[in-house]
Each structure stands twice: as C-alpha cells, then as structure tokens.
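These are the residues of each chain, in order.
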Amino acid sequence: MSTKTNSNENILEVNELKTSFFTDEMEVKAVDGVTFAIPKGKTVGLVGESGSGKSISSLSTLRLIERPGKIVGGEIKFKGENLLEKSEAQMRKIRGNEISMIFQEPMTSLNPTYTVGQQISEAYKIHENLGKKQAIERSIEMLKLVGIPSPEKRVNQYPHELSGGMRQRVMIAMALACNPELLIADEPTTALDVTIQAQILELIKDLQERLNMSVLLITHDLGVVAETCDYVAVMYCGKIVEFADVNTIFSNPKHPYTVGLLDSLPPHDRDIKDDLPVIRGSVPSPAEMPEGCRFAPRCPFASEVCKTLPTLETDENGNQIRCWIYSDKWDGDPEVKVHAKNTERTS
Amino acid sequence: MFKFIVRRVLQTIPVLIGVSILVFSLMHLVPGNPAQIMAGESAPKEQVENIEERLGLNDPLPVQYWNYISNAVQGDLGSSIRSGRDVTTEISGRFWVTVELAVYSTILSVFMGLIAGIVSATKQYTFTDVIIMIIALFGLSMPNFWLGLMLIQWFAIGTDLPSWVPFFDDTAWFKPSGWGSFEQIVLPVITLGTAGAAIVARMTRSSMLEVVGQDYIRTARAKGVKERVVIYRHALKNALIPVVTVVGLQFGTLLGGTVLTETVFAINGMGKLIIDSIQARDFPIVQGTILVVALLFVLVNLLVDITYRFLNKRIDLD
Ligand SMILES: Nc1ncnc2c1ncn2[C@@H]1O[C@H](COP(=O)(O)OP(=O)(O)OP(=O)(O)O)[C@@H](O)[C@H]1O
Ligand SMILES: [Mg+2]
C-alpha cells in the first residue's frame, strides 16, 4: 500500500498545484494546492462535489487552462519530469500521445464538421507520422477495440450520426489511439444513461488492464469509484482532503466530508426513495471561502482549531488526510468517532 | 434535403408575384398620366396617345398586369421608349457589368473580412483587435458614395501634396470612371466591398470566438494539435458556417446596391441604367431592370439558404 510514497512507481505526481481564474473583482482559486499521485498501472478516482475543482485539476495536468485561468504554482511530475517547465511544443508531444483525456460531454466534444475517422486519425498523423491510409486503418482498429459495430462504416460518419454512448466510445478510441501511459477521464459517463454508463466504465477498465495504462477517473459517483478505482482522492473546494486506497476509503473513511459523501450514497438494500442523510449547508462561494479548514462551516465536528487550515498528513500506509481531528492539536471532543453509517459497500 | 429544396423553391413564388406587382405598379403610382410623363410635358397629343397605345395603358389594370407578366415570363419586357430597343437587349448589355462588380466586391469583402476577423478573434481584446474593430466600424458606417468620391479624389485625381513627399506626391494610380481595365475596377470594387468586408470581419470574429470556446476545440488541443491547426482546421470550418450566410446575403444586397457606386464611377451597369432611365422617364426599362435585379436577389437568397442548410445539417439534427 505504500506505492504512493515511492516516486519511481508513480506515473504522475501532482504537488501543491494551484490554478486560479482572474476575474475583474477577484482571484478565484479553483485549484488551491492540490497534491496527489497516480501509481503506475492503477486507477485513481478523484471525487468531490460539483465545483470542487476536479476538471480544472485535470485540465491543468495537460496545461489546457485558458484565459482568464492560469496555473499559478506547484509542480506536475509526469514520469519524473515537471510538466510546468516544458515548452508548448514539448507539451504537444505529450498530449494525446503519453497523456490522453476524455471529457464530460460526449455530445459536444467531437468536431461536428469532421468524420470520426478524420478525428481519430489526426492523432496518428501528429504523433506517429502515419499517412492518411494507414491512419484510417488504425482508426478502424481502434473503433473495433472500443466495441463499435461495423467500424468500416462508422469511420466515415459524422458525430451527429452517432448516439451519445457511441460518441463517448469514439472519444475513448481517440484518446487511446496512441497508447497513452496515462488516461484522464473527466466524468466520462455523467452525460450517458445508466446502462451505457456501466458499459463505458467496463470498457475503460478492460482497456486499462489490456494496455496497462494508469487512469485518473474523475467522478462524483462513489458507486463508480467502488467498482473501478484502486485509490481515491477526495477533493473539496480546491483541496484534497483525503487520499487513500479504495478499501480504506469505504471501510474506514477519516475525513468528515468523505463520511458525508458515503452517507449520502444509497446503499444497495435500501430503497432510494428513503431520505438520505445529506451534508448540511452548501459549498462556500469563492468570495466567502473560510480562512481555515474549507469544510469547517459544514462539519458536524468543527472546533476552534478548525479556524486554521489543517495540513495534508501522510500516515504509515501512505494514506493522506487533511483534518485536525487526527492531529495532536485537536481541541474538540477527544472521543470523537468519525465513521460512515453504511459501510456495507466495501464487502 | 430534397424536400427542403422543393419547399424553399415554392416559397419564392409568392415573393416573385409580390415583386412583379410592385414593379408593375411603379408606373401607375407616379401621379399623372404615365404616357404624358414619358412623352414629356410639352409633347403633342398624338405622341402621348401613341405611347398609351403601345403600352396598352387604356386596358383595365388587371389585364395590363396579366399582359406584362405573361410577356415577362416569355422573356419579353417590352421596349425602351427612348431607343425603341428591347428592354431585354438593353439589360443584357449591362447585366454582366453589375454582376462582375458585385462578384469582385464580394471576393474583396470575404478576403479582407476573413483575415481581419480571424486576426481579431485570435487576438481578442488586444490593441490589434481594437484597431481592426474600429476600422470595421468605420467601414460599416461610411456612406458608399462618399467613400467613392474620396477614393476618386485621392487615388484617381491625385493629392496636391508637394513633390518632395515620397510616394504620396502623385497618387493618381487608378481611373475614376468606366469599367473593364484593372485601373477602372479597383476603386469601385473597394467602394462597394468595404461595408461587406466590415460585416464579414465582425461576423467572423464573433463566430470564431464562439467556436473557440466549444468543447471540441479543447478536444483537439488535448490531442496535441498545433494551435495554428486548431484555429484554421478545427475552429474556422465551424465558424464559417454563419459567415457563408452573411456573405451570400451580402452578395444579394450588392447586386441591388450598385446604383450609387455605378453612378459615382460612371459604370454602365444595371444600377446606372435604372438611374438614367428614371431621369429619361423610360419606364419600361426601369421596370425591367428592377425586375431582373429582384429576381437575381431572390435567386441568390435561395442558394444561400440551401448552402447554409447543407453545411449545417451536420450540426442540427432537426
Ligand atoms: N472560466 C472560469 N472563470 C472563473 N471561474 C472558473 C472558470 N472555470 C472554472 N471556474 C471555477 O473553478 C471551480 C472548479 O471548477 P471545475 O470545473 O473544476 O469543477 P468540477 O469539480 O469539475 O465540477 P463538476 O463536477 O461540476 O464538473 C468552479 O467552482 C469555478 O468557480
Ligand atoms: Mg468537471
């Protein structure tokens, strides 16, 4: 379990990454010191509420942040090299080749004016210098790999001729075209209906094992995490609040926010219509971001010390936690027990 | 698609009928006896009657309209009062001049407009962008005839600058009138194309800015596509779809809008034919020319609609 402290085995290490958006009035710190690592060949889930900065973290990794956004600090080590120090030309060689990305919106993420084949083969032309004919042949192979029926026909179709699920498969085919070592999937199934969701996740999992990829899977669905991830990073207001292997997260969650997320999950044996416990309050707006622990205003255990920002502490297993409860400085109820009500998911 | 074309073609029929009624009524909307007006105030009675006879002005209006339309459909638009020649012959000599003028001006608008629009969009909010947009605003708000006169003053007659001013001391590079040679074409095309270039520039800019923010542009970047290729391959192709419409409509407008430019530069096109014929009170020519221009306008719009639909069918499923 100590993979994440050994940098040789991590394909990606993000340290204290900071990305801000500069609006007229203020600096919105969308990603505010994010730290996590992805061990080689493993899947890391990045979970958190909407607006917690998951997409911005992943886009920052590929340096795809556009104005008014800007990466303002930290480092992103990919295979030991800091991506933030690379030139734009070097980054282009990495994008779509060594690190690929799948986006949240399959309906709008493909260019409506080019065929599926043209869009996939572009990756081969850029990164492998293939000619048109070869590139199309490889594209057809890729379409076959992601389970698209009659790929010879599909390759000449335009995105509008495909369903959402098919488009997401095309996106995956495009992302995996050049055998990337790391795949970043930003909520790849959110926009799809439930049966298609399961198929797409199964596909990603299957391809990961076959191609020995590392995956960063962004989602706000803990059910998806339980089924696909090896590690989980929980994000809240631009910061990682907990990082642990998937078993620990579900059996022994430590951060009150993680617990809140788990409790709001419908357990398998309960009818979804029953009232589920929810985390009280809502995500603070950038203007009223608390100085101390970002979660304190919503935390049922919040104490005096929570008015200062806790640091991200690593335990002997390599799991990380950003919460005062687990430190010597804790000044609240010494007997406090943070645990989820329904932990049967782990079984 | 085929159904759409048929429907769209059928839709032009009421428009054409409306136009023909309007054109036909022109003669009768003028106060007084049209025959007298055509013949002139002091013309002898026989001459007026002669004109009335020739144009069938004594028939009831619906009959006159029917005659006019049924002849027009067969390509007979009557004959000129002044020269006595067929209206169609008079027009055919002028038709291509105007079409050429409109085509060159459209090419200029598209060329200038696209470049300016793309540069502006890729450099949004920079000094370059602001300057281009200010120039475009000027281009849009400058009256045609004024621009034409200014161009003639500066680049056909020439400036009065003393001879020690380099380059600009003698700027009479082009001809102020006529049509055919390069020196004659440049100034009228600039005059007519400037407003269009401004419109295309603004349209391209806003369209580009919208497209550049789309998800598929991010996808292209995430694939490792060069920024230049992202702009010219991935963004431009999509951004051009609305621009095509604007250009098409612009071309139609130019066809009808050549009147002032042709007059300023003494170009014998359809626009000048209309003006000259109005002054000469040669109604059959006025009617015929307006009818042809209107027909052309409707036709161009039809083509634009179909093209747009074709380009856009990949986007809206409808
Ligand atoms: N263009 C922008 N301008 C200003 N702020 C932005 C911009 N884009 C994102 N943000 C800020 O960044 C924060 C994080 O956004 P992000 O898209 O990463 O959230 P997310 O965790 O991916 O949410 P979701 O689950 O909805 O996808 C947002 O709350 C928002 O305040
Ligand atoms: Mg997101």
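All figures in this text were calculated on a predicted structure; none of them were measured in a lab.

The subject of this paragraph is the sheet that holds strand β5 (residues 81-82) of chain A. All names here are of chain A. Strand order in the open sheet formed by four strands is β2-β1-β4-β5, with antiparallel pairing between adjacent strands. What marks the edges here is a single partner per strand, and that holds for β2 (27-39) and β5. Across eight bridges, strand β1 (residues 10-22) lies against strand β4 (residues 69-78) in antiparallel orientation. Its bridge partner being in β4, N15 is matched across the sheet by E75. Along the sheet, helix α1 (residues 54-61) contacts β1, β2 and β4; its crossing angle with β1, the most-contacted strand, is approximately 115°.

Here we come to the state of the cysteines. Residues and elements named next belong to chain A. Across all of its chains, the model carries zero disulfides over all chains by this definition. We note that C299 lacks a disulfide partner, and the nearest cysteine sulfur, in C306, lies 6.2 Å from it. Overall, C299 belongs to the buried group, its relative accessible area being 10%. For the unlinked cysteine C306, the closest cysteine sulfur is that of C293, found at 5.9 Å.

In this section: the pairing of strand β10 (residues 239-245) of chain A. Residues and elements named next belong to chain A. The buried fraction of β10 is high, at seven of seven residues. Between strand β9 (residues 231-236) and β10, which pair antiparallel one after the other, the connecting turn spans two residues, and C237 there sits at a positive phi close to 50°. As paired strands, β10 and strand β12 (residues 320-321) are joined by two bridges and run antiparallel to one another. Within β12, the position partnered with E242 by the bridge is I321.

This part covers the confidence of the model for chain A. Regions with low pLDDT carry predicted coordinates that are not meant to be interpreted in detail. Per-residue pLDDT for chain A has a mean of 86; in total, 92% of the residues score no lower than 70. Segment residues 1-5 of chain A: pLDDT under 50, and 13 contacts once partners within four positions in sequence are set aside and those in other chains are kept.

With that settled, consider a nonpolar patch on the surface. A cluster of nonpolar residues, B:F2, B:V6, B:L10, B:I13, B:I17 and B:I21, forms a patch on the protein surface that exposes about 570 Å² of accessible area. Position of B:L10 relative to the elements: it lies in helix α1 (residues 2-29).

All names here are of chain A. Around ligand 1 sit 14 residues, and of these S50, G51, K54, S55 and I56 come closest. G51 places a main-chain nitrogen or oxygen 2.8 Å from an oxygen atom of ligand 1. E187 is positioned such that a nitrogen or oxygen atom in its side chain is 2.9 Å from an oxygen atom of ligand 1. Burial of ligand 1 by the surrounding chains reaches 68%, relative to a free accessible area of 640 Å². Secondary structure elements with two or more residues in the shell around ligand 1: β2 and α1. Counting residues per element, the shell around ligand 1 draws most heavily on α1, at three residues.

Here the focus is a negative patch on the surface. Taken together, the side chains of A:E202, A:E209, A:D221 and A:E227 define an acidic patch exposed on the protein surface. With respect to the element layout, A:E209 can be found in helix α7 (residues 194-211).

Side chains bearing opposite charge may pair, as long as their charged atoms lie close to each other. Residues and elements named next belong to chain A. For the structure on display, the rule yields 23 salt bridges over all chains. In this structure, R63 engages E88 in a salt bridge whose closest nitrogen and oxygen atoms are separated by 3.8 Å. Taken together, the residues span a long stretch of sequence, with R63 in the loop between α1 and β4 and E88 in helix α2 (residues 88-94) at a distance of 25 residues. Given a relative accessible area of 21%, R63 falls into the partly exposed group. Its relative accessible area of 39% is what places E88 among the partly exposed residues. Across the pair K86 and E81 runs a salt bridge, and its minimum N-O distance is 2.4 Å. Given a relative accessible area of 43%, E81 falls into the partly exposed group. Overlapping salt bridges, with partners in common, bring together D32, K239 and R294 in one network.

Here we take up the nonpolar core. Membership of the largest hydrophobic core comes to 104 residues, with the highest contact counts inside it found for A:L12, A:F36, A:I120 and A:I172. Per-element accounting of this core gives the leading share, eight residues, to helix α6 (residues 164-176) of chain A. Setting aside residues no more than four positions away along its own chain, A:I120 makes contact with A:S139, A:L143, A:V170, A:A173, A:M174 and A:A177. Formed by 39 residues, the second largest nonpolar core is a distinct cluster that contains B:L101, B:A102, B:L192 and B:L296.

Tracing the backbone through its elements, the reader meets B:Y65 in helix α4 (residues 61-73). As for B:Y65 and B:L302, which are separated by 237 residues in sequence, their C-alpha atoms are 26 Å apart.

Conventions used here
- Residues numbered from 1 in each chain as written.
- Chains lettered and ligands numbered in written order.
- Predicted model: local features only at pLDDT ≥ 70, side-chain atom pairs only at ≥ 80, totals over all residues.
- Heavy atoms only, no water.
- Pairing = 2+ DSSP bridges.
- Helix = DSSP H or I, 4+ residues; strand = E, 2+ residues; numbered from the N terminus.
- Contact = heavy atoms within 4.5 Å.
- Axes fitted to C-alpha atoms, helices over the stretch in contact; angles between N-to-C directions.
- Disulfide = S-S within 2.5 Å.
- Buried < 20%, exposed > 50% of the residue type's maximum accessible area, 1.4 Å probe, protein only.
- pLDDT = per-residue confidence, 0-100.
- Patch = residues over 30% accessible without salt bridge, like charges linked within 9 Å, V, L, I, M, F, W, Y side chains within 5 Å.
- Areas by Shrake-Rupley, 256 points an atom, 1.4 Å probe, with all protein chains shown as cover.
- Salt bridge = Lys/Arg side-chain N within 4 Å of Asp/Glu carboxyl O.
- Near = heavy atom within 4 Å.
- Polar contact = N/O pair within 3.5 Å; in protein donor to acceptor, adjacent residues only side chain to side chain.
- Lys, Arg positive; Asp, Glu negative; His and termini not counted.
- Charge placed at Lys NZ, Arg CZ, Asp CG, Glu CD.
- Core = buried A, V, L, I, M, F, W, Y, C linked by side-chain atoms within 4.5 Å.

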